[in-house]
Amino acid sequence: MFYLGIDQHARQLTISLRDENGDVMEARQVSTQPEKVNAFFTNLTRQRLREGEEFVAVLEVCGFNDWLIEMLRNYRCHKVILIQPEGRSKRKTDRRDAAALSELLWVNRGRLLEGKPVRGLRQVDITSKTDREDRRLTTLRKQAGQARARLVNAIKQMLRRHNLQWDMPTKIFPTQKAIVWLKKLALPKMDRMEMDYLLGDLERIDQRIAELQEVLVERCNAREEATLLTSMPGVSHFTATALACRVGDVKRFPRSHSLANYWGLTPGCRNSGESHQRLGSITKAGSSLARWLLAQMTHKVLRKDAQLKAWFKRIKRRRGSGIARVAVMRKLATIIWHMLSSGMTYAECRQQSMKSSQTEPLGNRNNKASTRAKERVT
């Protein structure tokens with residue numbers, strides 16, 4: 001077995017290859033031009049690897065890992081390990097980085113090959129092709145919505161500049177009636193030109209959103225996890241698909257709060273020689289889109305779920321509205337974990353939760369409450 005560390009850049013790869021004893025067998029740079037990088041891995045498999053022998057590769061996550069990961073799998077790569085890059089060093093070169101990656105892989109080869117965690121090393125899950133496509137699709141849908149909002153705000157700003165917002169035929173915008181009125185509105189020459197450009201861009205972005213929505217509905221209905229998430233209050237095909245593809249395989253999260261931690265909804269902690277916990281604000285790690293969607297869902301869920309709304313009000317009285325809403329977001333993340341793990345709808349999960357809380361003996365609930373109080377003190 002050989003161990004390959006790769007420092008990837010747009011135009012070149014810096015590699016460091018080690019054998020089973022940890023000795024560096026080869027260290028060089030390879031161009032990312034298709035013919036050159038394919039020639040390198042072809043020579044590697046023919047000259048270095050014996051028949052039936054494989055190698056393991058480690059590389060740091062970046063925005064263009066996909067093509068390299070697919071290529072490595074075609075050249076007898078047993079496993080590709082993707083990790084988060086470390087902090088900036090005072091003495092940093094590509095060769096040092098590649099050598100450090102290969103040494104890290106060789107030293108921890110046992111645990112990494114078995115899929116076990118390594119302390120101080122943040123491994124990144126390699127998503128499936130379907131998840132990658134859904135993530136890109138939902139990102140495009142969010143960007144289209146943001147572009148539409150900017151166009152609407154620009155049109156409203158132009159109307160305010162001429163104090164014409166009072167003459168709009170409808171209270172809300174955009175509507176078909178309001179757009180027809182804007183096309184006929186008398187404006188100065190430069191403003192008329194700008195308005196025509198804005199209305200044309202708005203029409204094109206609406207068409208793009210409609211096309212993306214059709215694809216989202218199709219992919220959401222074809223995905224069991226996303227269909228299950230649509231049972232939550234206020235969850236559209238876009239929200240369900242975006243959350244499902246950012247969870248991936250739910251089995252990689254051993255507990256419900258692991259998913260909340262993955263999305264950065266748990267408080268940071270900095271304890272050292274103290275007798276009490278020092279918790280800070282939420283870490284905001286992971287997907288910012290997932291947190292944004294959970295924040296949007298909170299408004300809908302609090303209107304539909306009376307039990308969750310009462311819990312929200314209790315926290316709001318003690319800690320304020322902001323912290324209470326983040327608590328609801330974290331609660332929704334745990335509910336999503338239970339839904340995907342058990343295959344139950346939102347209503348079934350909430351009903352089971354209510355039954356378990358009602359059937360639990362009062363003594364056990366008091367003991368849990370006192371245990372939580374002791375944990376907060378200690």
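Up top you'll find the structure we're talking about.
Residues numbered from 1 in each chain as written. Predicted model: local features only at pLDDT ≥ 70, side-chain atom pairs only at ≥ 80, totals over all residues. Heavy atoms only, no water.

*Asks:* Help me out: how do you make sense of the sheet that holds strand β4 (residues 55-60) in this one?
*Replies:* With mixed pairing, six strands are arranged side by side in an open sheet as β3-β2-β1-β4-β5-β6. In this open sheet, the two strands that pair with only one neighbour each are β3 (24-31) and β6 (123-124). Two strands pair when backbone bridges link them, and strand β1 (residues 2-8) and β4 are joined in this way by five bridges, in the parallel orientation. Among the inter-strand pairings, F2 is bridged to a residue of β4, identified as F55. Against the sheet, helix α1 (residues 34-48) touches β1, β2 (12-18), β3 and β4, its axis set at about 160° to β3. (Pairing = 2+ DSSP bridges. Helix = DSSP H or I, 4+ residues; strand = E, 2+ residues; numbered from the N terminus. Contact = heavy atoms within 4.5 Å. Axes fitted to C-alpha atoms, helices over the stretch in contact; angles between N-to-C directions.)

*Asks:* Which parts of the structure should I look at to understand the pattern of salt bridges?
*Replies:* Think of it this way: side chains of opposite charge can pair up when their charged atoms draw near. One pass over the structure, following the stated rule, counts 20 salt bridges. Of the charged contacts, one joins E53 and R50 as a salt bridge, the two residues approaching to 3.7 Å between their closest N and O atoms. In this structure, D125 engages R252 in a salt bridge whose closest nitrogen and oxygen atoms are separated by 4.0 Å. Pair noted here: D125 is in the loop between β6 and α5 (129-161) and R252 is in the loop between α9 (237-247) and α10 (256-262), with a separation of 127 residues, a long-range link. When its relative accessible area of 42% is taken as the criterion, D125 is described as partly exposed. Residues participating in the shared-partner salt-bridge network are D131, E133, D134, R219, R223 and E225. (Salt bridge = Lys/Arg side-chain N within 4 Å of Asp/Glu carboxyl O. Buried < 20%, exposed > 50% of the residue type's maximum accessible area, 1.4 Å probe, protein only.)

*Asks:* How should I be thinking about the packing of helix α6 (residues 176-184) against helix α7 (residues 189-221) in this particular structure?
*Replies:* When two helices pack together, their arrangement is given by the angle between the helix axes and the distance between those axes. In contact at an axis separation of 10 Å, α6 and α7 are set at 150° when each is read in the N-to-C sense. When the axes of α6 and α7 are compared, the pair comes out roughly antiparallel. The handedness of the crossing between α6 and α7 comes out as left-handed. Here I179, L182, K183 and K184 of α6 lie close against α7, whose contacting residues are R192, M195, L199 and L202. For the contact of α6 with α7, the residue count by class is five nonpolar, no polar and three charged. (Parallel < 35°, antiparallel > 145°, perpendicular 65-115°, else oblique. Left-handed = near helix turned anticlockwise from the far one by under 90°. Nonpolar A, V, L, I, M, F, W, Y, C, P; charged D, E, K, R; others polar.)

*Asks:* For this particular structure, what's the right way to read the layout of surface pockets?
*Replies:* Unoccupied space between atoms shows up once a probe the size of one water molecule is rolled over them. The volume enclosed by the second largest pocket comes to roughly 1600 Å³. Along the lines of polarity and charge, the residues of the lining of the second largest pocket split into 19 nonpolar, 14 polar and ten charged. (1 Å grid on protein atoms, 1.4 Å probe; cavity = no way out; pocket = protein on both sides within 12 Å on 5 of 7 lines; lining within 4 Å. Points joined across faces, edges and corners; volume = space filled by probe spheres on them.)

*Asks:* What is the right way to look at α7 in this model?
*Replies:* With 33 residues, α7 extends 48 Å from end C-alpha to end C-alpha; this agrees with the ideal 48 Å at 1.5 Å per step. Of the positions making up α7, those classed as buried are D191, R192, M195, L198, L199, G200, L202, I205, I209, L212, L216 and C220. Where α7 is buried, its residues touch α5, α6, α8 (224-229) and α9. (Expected span 1.5 Å × (residues − 1).)

*Asks:* Whenever I open this one, the pairing of β3 confuses me. Can you help?
*Replies:* On a regular strand, one side chain projects to one face of the sheet and the next to the other, so that they alternate. Pairing between β2 and β3: seven bridges, direction antiparallel. Bridge pairing links I15 to R28 in β3.

*Asks:* Can you help me understand the pairing of β4 in this one?
*Replies:* Of all six residues in β4, five are buried, a share of seventy percent or more. In this structure, β4 lies alongside strand β5 (residues 77-83), joined through six bridges in parallel fashion. Residue pairing for β5: A57 is matched across the bridge by V80. After leaving β4, the chain enters helix α2 (residues 66-73) and then returns to the sheet as β5, a path that is right-handed. (Right-handed = clockwise from strand over helix to strand, strands pointing away.)

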